[in-house]
Amino acid sequence: MTLPDLTGRRICILATHGFEQSELIQPRDDLKGAGATVTIVSPESGEIRGWKGDDWGQSVSVDAPLDGAKAEDFDALVLPGGQINPDLLRVDETAMALITSFADAGKPIAAVCHAPWLLIEAGLVEGKTLTCYNSIRTDLKNAGANYVDQEVAVDGNLITSRNPDDLPAFGEAIAKMVSEMADARSETV
């Protein structure tokens, strides 16, 4: 998989303790590998710890505090899943305000696994075609989304995937949308 050149593009990954380890690390590494500057934003400081399999996984360093993060400073938002991470973030008013600000700006928002809970909480899913981890598909449907069982679903500025097996397609969809939106902005300048 060769991703478009993302040099000069800035990606925000919003996460807290309990993120699904692969769903933060692989997109981070793939997007960095394509040239993007990737910033881990969290309500926590220092480090946040991932979840891998049936136990805690490795920690990653937090690059910036959530309370100082602004959509205008980034080209896209990535929301890793896991059960714990999105459940904690969806009750955090500052996290939800950041997600809403990306939506209001029309910037790409990519959510994998259980992270579509955050899209539901932000009121972004009604009428949208989305995918997610199998156990929360009813949550998406009840919130008015058109659920599809496929590796990646793209609807407007929303990108969703089901699970870690889908991460290559997820990363590719993020990079493609960020690149296309950057190209469109430069054509209008």
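Our structure is the block above this text.
Values in this document were obtained by computation on a predicted structure and should not be read as measured data.

## Here's the deal with the nonpolar core
Okay, step 1: Among the nonpolar cores identified, the biggest contains 31 residues, and Leu-14, Leu-77, Leu-79, Ile-99, Phe-102, Ile-109 and Leu-119 are the most heavily contacted of them.
Okay, step 2: When residues of this core are traced back to their parent elements, those giving at least two are strand 1 (10-14), strand 7 (76-79), helix 3 (93-104), strand 8 (109-112) and helix 4 (116-121).
Okay, step 3: In terms of residue count, the dominant contributor to this core is helix 3 (five residues).
Okay, step 4: With sequence-adjacent residues up to four places away left out, Phe-102 is seen in contact with Cys-12, Ala-71, Phe-74, Ala-76, Leu-77, Lys-107, Pro-108, Ile-109 and Asn-157.
Okay, step 5: Formed by 29 residues, the second largest nonpolar core is a distinct cluster that contains Leu-6, Ala-34, Ile-48 and Leu-167.

## A look at helix 1 (residues 21-33)
Okay, step 1: With 13 residues, helix 1 extends 18 Å from end C-alpha to end C-alpha; this agrees with the ideal 18 Å at 1.5 Å per step.
Okay, step 2: A positive phi of about 105° marks Gly-35, the residue just after helix 1.

## As for helix 3
Okay, step 1: With 12 residues, helix 3 should reach 16 Å at 1.5 Å per residue; the first-to-last C-alpha distance of 16 Å fits that figure.
Okay, step 2: Taken residue by residue, helix 3 has Ala-95, Met-96, Leu-98, Ile-99 and Phe-102 as its buried positions. The buried residues of helix 3 occupy an angular sector of 155° when the element is viewed end-on, so they sit on one face. Away from its buried face by more than 90 degrees, helix 3 exposes Glu-93 and Asp-104.
Okay, step 3: Of the surrounding secondary structure, the elements contacted by the buried residues of helix 3 are strand 1, strand 7, helix 2 (84-89), strand 8 and helix 4.
Okay, step 4: Capping the start of helix 3 is the job of one residue whose side-chain oxygen sits 2.9 Å from the backbone nitrogen of Thr-94: Asp-92.
Okay, step 5: Phi for Gly-106, located one or two positions after helix 3, is positive at around 70°.

## Brief notes about the pairing of strand 3 (residues 37-42)
Okay, step 1: The buried count for strand 3 comes to five of six residues, which makes it a mostly enclosed element.
Okay, step 2: Here strand 3 runs beside strand 6 (residues 64-65); their pairing, made up of two bridges, is parallel. When the bridges of strand 6 are listed, Ser-42 appears paired with Pro-65.

## Brief notes about the environment of Leu-140
Okay, step 1: Looking at the secondary structure, you find Leu-140 in helix 5 (residues 137-142).
Okay, step 2: Leu-140 gets classed as buried once you look at its relative accessible area, which sits at 0%.
Okay, step 3: Expressed as a C-alpha distance, the spacing of Leu-140 and Leu-130, which sit 10 residues apart in the sequence, is 7.9 Å.
Okay, step 4: Excluding its chain neighbours within four sequence positions, the residues that come into contact with Leu-140 are Pro-116, Ile-120, Val-125, Leu-130, Thr-131, Cys-132, Ala-145 and Tyr-147.

Reading the values: rules and limits
- Residues numbered from 1 in each chain as written.
- Predicted model: local features only at pLDDT ≥ 70, side-chain atom pairs only at ≥ 80, totals over all residues.
- Heavy atoms only, no water.
- Core = buried A, V, L, I, M, F, W, Y, C linked by side-chain atoms within 4.5 Å.
- Buried < 20%, exposed > 50% of the residue type's maximum accessible area, 1.4 Å probe, protein only.
- Helix = DSSP H or I, 4+ residues; strand = E, 2+ residues; numbered from the N terminus.
- Contact = heavy atoms within 4.5 Å.
- Expected span 1.5 Å × (residues − 1).
- Arc of directions from axis to C-beta.
- Polar contact = N/O pair within 3.5 Å; in protein donor to acceptor, adjacent residues only side chain to side chain.
- Pairing = 2+ DSSP bridges.

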